[in-house]
Amino acid sequence: MQAMEQVDCDLVVVGGGGAGLRAAIAAAEQDPGLRVALVSKVVPMRSHTVAAEGGAAGVAREDDSLDGHFNDTVTGGDWLCDQDVVERFVAECTAEMVQLEQWGCPWSRQEDGRIHVRFFGGMTTQRSWYAADKTGFHMLHTLFQTSLRYPGIQRYDEYFCADLLVDDGAVCGVLALEIASGEPVCFTAPAVVLATGGAGRVYGQNTNAGIVTGEGMAMAHAHGVALRDMEFVQWHPTTLPGSGILITEGCRGEGGVLTNRDGRRYLQDYGLGPTEPWPRPKAMELGPRDRLSQAFWYEDQAGRTIATAQGSAVQLDLRHLGEARILERLPMITEVARRYAGVDPVCTPIPVRPAVHYTMGGIPTDARGAAPLDGLFAAGECASTGIHGANRLGSNSLAELLVFGRAAGQAAAEHARSAKRRRQGVLERLAGEALAPRLELLRNERGERLAVLRGELHRIMEQGVGIFRNEQGLDEACRALAALRERLAGGIRLDDRSRTYNTEWLTAMEFQASLQVAETMAWSARARRESRGAHVRNDAYDQRDDERFLVHTLAHPGDGSGPVIEHVPVTITRSTPRRRAYGAEGEGSA
Ligand SMILES: Cc1cc2nc3c(=O)[nH]c(=O)nc-3n(C[C@H](O)[C@H](O)[C@H](O)COP(=O)(O)OP(=O)(O)OC[C@H]3O[C@@H](n4cnc5c(N)ncnc54)[C@H](O)[C@@H]3O)c2cc1C
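Residues numbered from 1 in each chain as written. Predicted model: local features only at pLDDT ≥ 70, side-chain atom pairs only at ≥ 80, totals over all residues. Heavy atoms only, no water.

Colleague: When you look at the sheet that holds strand S7 (residues 153–157) in this model, what are you seeing that I'm missing?
Modeller: Strand pairing in a sheet relies on backbone hydrogen bonds, with the paired strands running either antiparallel or parallel. As summarised here, the arrangement of the 5 strands in space is S7-S3-S2-S11-S19, forming an open sheet in which the pairing is parallel. Whereas interior strands pair on both sides, the edge strands pair on one side only; in this sheet they are S7 and strand S19 (376–378). Sheet twist, expressed as the mean angle between neighbouring strand axes with direction ignored, is 20°. (Pairing = 2+ DSSP bridges. Helix = DSSP H or I, 4+ residues; strand = E, 2+ residues; numbered from the N terminus. Axes fitted to C-alpha atoms, helices over the stretch in contact; angles between N-to-C directions.)

Colleague: Would you mind showing me how to read the packing of aromatic side chains here?
Modeller: Applying the stated criterion across every chain, the model contains 11 aromatic pairs. With a centroid separation of 6.2 Å and 75° between ring planes, the pair formed by Tyr-159 and Phe-187 is classed as edge-to-face. In this pair, Tyr-159 is assigned in strand S8 (residues 159–167) and Phe-187 in strand S10 (residues 184–188), connecting sequence segments 28 residues apart. Tyr-159 sits in the buried class, given a relative accessible area of 13%. Taking 6.4 Å as the distance between ring centres and 85° as the angle between the ring planes, the aromatic pair formed by Tyr-266 and Tyr-270 counts as edge-to-face. Joined through ring pairs, the aromatic side chains of Tyr-266, Tyr-270, Trp-297, Tyr-298 and Phe-468 make up one cluster. Here the guanidinium or amino end of Arg-118 rests over the ring plane of Tyr-130, the centre of that ring lying 3.8 Å away. Above the face of the Trp-523 ring, Arg-526 is positioned so that its terminal group lies 4.7 Å from the ring centre. (Phe/Tyr/Trp six-rings, centres within 6.5 Å; stacked < 30°, edge-to-face > 60°. Buried < 20%, exposed > 50% of the residue type's maximum accessible area, 1.4 Å probe, protein only. Lys NZ or Arg CZ within 6 Å of the ring centre and 35° of its normal.)

Colleague: Would you explain the site of the ligand in this entry?
Modeller: Residues in close proximity to the ligand total 37 residues, the closest being Ser-47, His-48, Thr-49, Glu-381 and Leu-398. The contact in question runs from an oxygen atom of the ligand to an N or O atom on the side chain of Ser-47, over 2.7 Å. Separating a nitrogen atom of the ligand from a backbone N or O atom of Gly-55 is a distance of 2.8 Å. Computed on the free molecule, the ligand has an accessible area of 1,000 Å², of which 98% lies beneath the protein chains in the complex. Those elements that provide at least two residues to the shell around the ligand are helix H1 (18–30), S8, strand S17 (350–359) and helix H10 (396–418). Ranked by the residues each element gives to the shell around the ligand, the list is headed by H10, at 4 residues. Of the residues assigned to the shell around the ligand, the class counts are 13 nonpolar, 19 polar and 5 charged. (Near = heavy atom within 4 Å. Polar contact = N/O pair within 3.5 Å; in protein donor to acceptor, adjacent residues only side chain to side chain. Areas by Shrake-Rupley, 256 points an atom, 1.4 Å probe, with all protein chains shown as cover. Nonpolar A, V, L, I, M, F, W, Y, C, P; charged D, E, K, R; others polar.)

Colleague: Can you walk me through the pairing of S10 in this structure?
Modeller: The side chains of a regular strand alternate, residue by residue, between the two faces of the sheet. Counting buried residues in S10 gives 5 out of 5 residues, a clear majority hidden from the surface. Side chains Pro-184, Cys-186 and Thr-188 project from S10 onto one buried face, and the interleaved Val-185 and Phe-187 project onto a second face that is buried too. Pairing of strand S1 (residues 5–8) with S10, which is carried by 4 bridges, proceeds in the parallel orientation. When the bridges of S10 are listed, Gln-6 appears paired with Cys-186. Summarising the sheet, strand S9 (residues 170–178) and S10 pair through 5 bridges and their orientation is antiparallel.

Colleague: What am I meant to see in the sheet that holds S8 here?
Modeller: Taken together, 4 strands build an open sheet; the order of strands is S1-S10-S9-S8 and the sheet is mixed. Every interior strand has two partners, whereas the edge strands, S1 and S8, have only one. For this sheet, the mean angle separating the axes of adjacent strands, direction not counted, is 25°. The pairing of S8 with S9 spans 8 bridges and is antiparallel. By the bridge assignment for S9, Leu-164 is matched with Val-174. Strand contacts of helix H14 (residues 503–527): S8 and S9, with the helix running at about 45° to S8, the strand carrying the most contacts. (Contact = heavy atoms within 4.5 Å.)

Colleague: Is there a simple way to think about the domain arrangement of the protein in this case?
Modeller: In many reports, interface size means the accessible area that the parts give up when they come together. Parsing the protein into structural domains produces domain 1 (5–232 + 360–429) and domain 2 (235–356). Computed from C-alpha coordinates alone, the two centres of domain 1 and domain 2 are separated by 29 Å. Facing 23 residues of domain 1, the contacting portion of domain 2 comprises 30 residues. Each partner contributes to the roughly 2,200 Å² buried at the junction of domain 1 and domain 2, and carbon and sulfur atoms together form 50% of this total. Three residues stand out in domain 1 for area buried against domain 2, namely Glu-53, Phe-119 and Gln-205, and they jointly supply 29% of the buried area on that side. The partner of Glu-254 in a salt bridge is Arg-118, with the nearest N and O atoms 3.1 Å apart. For the pair domain 1 and domain 2, the number of links is 13 residue pairs in polar contact (both at pLDDT 80 or more). Tallied by class, the residues present in the side of domain 1 that touches domain 2 amount to 5 nonpolar, 13 polar and 5 charged. (Domains from an automatic or database assignment. Buried area = accessible area lost by both parts, 1.4 Å probe. Salt bridge = Lys/Arg side-chain N within 4 Å of Asp/Glu carboxyl O.)

Colleague: How should I be thinking about the packing of helix H13 (residues 471–489) against H14 in this particular structure?
Modeller: Between H13 and H14, whose axes approach to 9 Å, the crossing angle comes to 155°. With respect to each other, H13 and H14 are oriented roughly antiparallel. The chirality of how H13 crosses H14 is left-handed. Every residue of H14 that contacts H13 at Glu-471, Leu-474, Asp-475, Cys-478, Leu-481, Ala-482, Leu-484, Arg-485 and Leu-488 is listed here: Phe-511, Gln-512, Leu-515, Ala-518, Glu-519, Ala-522, Trp-523, Ala-525 and Arg-526. Taken together, the residues of the contact of H13 with H14 sort by class into 12 nonpolar, 1 polar and 5 charged. (Parallel < 35°, antiparallel > 145°, perpendicular 65-115°, else oblique. Left-handed = near helix turned anticlockwise from the far one by under 90°.)

Pasting the structure below:
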C-alpha cells in the first residue's frame, strides 16, 4: 500500500467558519511559531456563518448592563444554562465586537457615529450589533482576512475530515480526504479544535447550508465523548415555506409583525402580548423562538394559517416600516423575498413558517473549550459550552463563536506546547485503521440508495422529534432510527466509485454522521420527561419539572443498541429558576 501523505503540525483546527477562524487566529497570536493547520471541507467563506443575517449580541448602550444580558440569556435558556459560563460570555462579548471592528468589520452605525444595536427575540433591550442584514458575511470576511496575516496558519481548503486519531485516551490528529483527489491525508498534532458547526440537516425542513451535517459531533461521539443536551433543537419561526430560507429575526427587531389568516397578531393569544408601543416592545414578535414556533403549530392546528404551494404559513408584515427603512436595514431580506417568495415586502407580507435552525447541544466543553478527551477542544455550534441551555437567544451564537473560538484557540495552543507526540508507527496504524471503513464505503457494491435513507431520516425526525414531542412518538423515532442504522450497516450503494471529487462519497459519510447525531437527539428527548425551552411535549410531561430535570443530558455512545443517557447537574450561580414569563404573562424578561 502506498504511504499516506502526512502533515505534522502543532494544532489542527477543523472548520473555517467563525469559530474555527477565531480559534486559529487566537492560537497564532498567542504563539506565532505554532504550526496551525486549518482544515475545512469548503473554502472558509462558504461556511454557514456567512449566511447569518441578523446580529451578534454584546452590551453596548448606556442603559444596558452585563446583568441584563446574563438574565435574558439564562431566562431564554429556561435555566438550563451553566451560569458561570454565561457570566464569562456576557463579560467578553463586547470586547470581541470591538476587536472585530478594529480588524475591519463594518458594523452599522447611528448618525452620530455610535454603534447601532437592534432588538432580538428574548433580549429585553437593543443589544444586537449588526452589519445591515449581512452580519455573518461581514464577520466571516473580517476573520478570514485577519487570518491571512498569520503565516503560522496553513489552510487546507476542501479537505474532508473523516475521523479523529485517538491513542491511549488522547487525540493525536485527524484523518482527512483531499476532496479533489480523494487521497487521504493524515494531520498529526497533539491538539485538535473541532469547529464544524451544527447539524440542522438532520431534519428536512431547515435553514442550514447543505454542509451542516454534524460530523464534528459524530467524530467526537465515535471516540467516546458523550454529547450534551442534544434534545434541544431550535426551530426558527420565520423561514420561507419549502426552501427553509431564513427571514431574519432582525425583521421583527425592526418592528415587523406576524399575522394569521385573519390578519390577527395571534401571538397575543399565547401569553406573548399585548405589545407596548414601539420602540420599547415587550415580547409579542420579539418573544423567544421556541415560543413563537410553538404558537405557529397551534395556529396551524386550528386552521388559521394560509395555504401556500409549499405548505402552511403565517404572514410577516413589514409594510408599515416604509420602503426607505426596509431597504436600508433589510436589503438582503428584500431581495430574498422578491426572488424566492415572489413578494415585495414593501407592499406585501412575506409568507413564513418555522424550520430547524440551530442545535443547542453538542460536544461538552468547559469555559476554555476543552472537551472531555485529552487534546480535544470544541467551539461554535458543534460545542455545548452551556450558555444556551434549553433555548438559544438569537444573536448569542455569533458572539459565542468569537468568545469561545478565542478561548479554545488559546487553550489548545497551550496544550499543544506541553503534550507529547505519538510515535510514527502509532500514527500510521491509527490513520490506516481510520481509512479502511471509508474505502470500504466507496467500494461497497450492495446496499441502499443514499437518497432513500436520507428521506427516511428526515421523515423520522420530523414526525417523532419535531416542535412537539410525546412518549409514543419518541419511542417510535428511537426504534425507527435503530432500524435505519441496521439498514445503513448493510451498505450504501454509490453510483460514483472514483476518488476524484466524489461528492456522493462525501455525502454518504455526512449521512452516517447525521444519523449518529439524530439518535442522540431522539434518545435524549425521550429521556427528558418534562417540557423546557425548545423541548416541548404534548403528553403527560407538558410542564417543566425542576425537581427531576434541572439537569443536563449526556448521550454516551453505548454498546451498539443506541446511546446511553445520563443526567448531570447544571451550574447555577445567582439566578434561581422561576417561571419563564414574557410580555402579557407578567414578570420575566422581554
Ligand atoms: C441562515 C442562518 C442565519 C443565522 N443568523 C444568525 C444571527 O443573525 N445571529 C446569530 O447569533 N446566529 C445566527 N445563526 C447561527 C450562527 O450563524 C451559527 O451558529 C454559526 O455561524 C456557526 O458557526 P461555526 O463556526 O460553529 O460553524 P460554521 O460556520 O457552520 O462552519 C463550520 C465549518 O466546519 C467545516 N466542516 C464541517 N464538517 C467538516 C468536515 N467533516 N471536514 C472538514 N471541515 C468540516 C465547514 O467546512 C465549515 O468551514 C444563523 C444560522 C443560520 C443557518
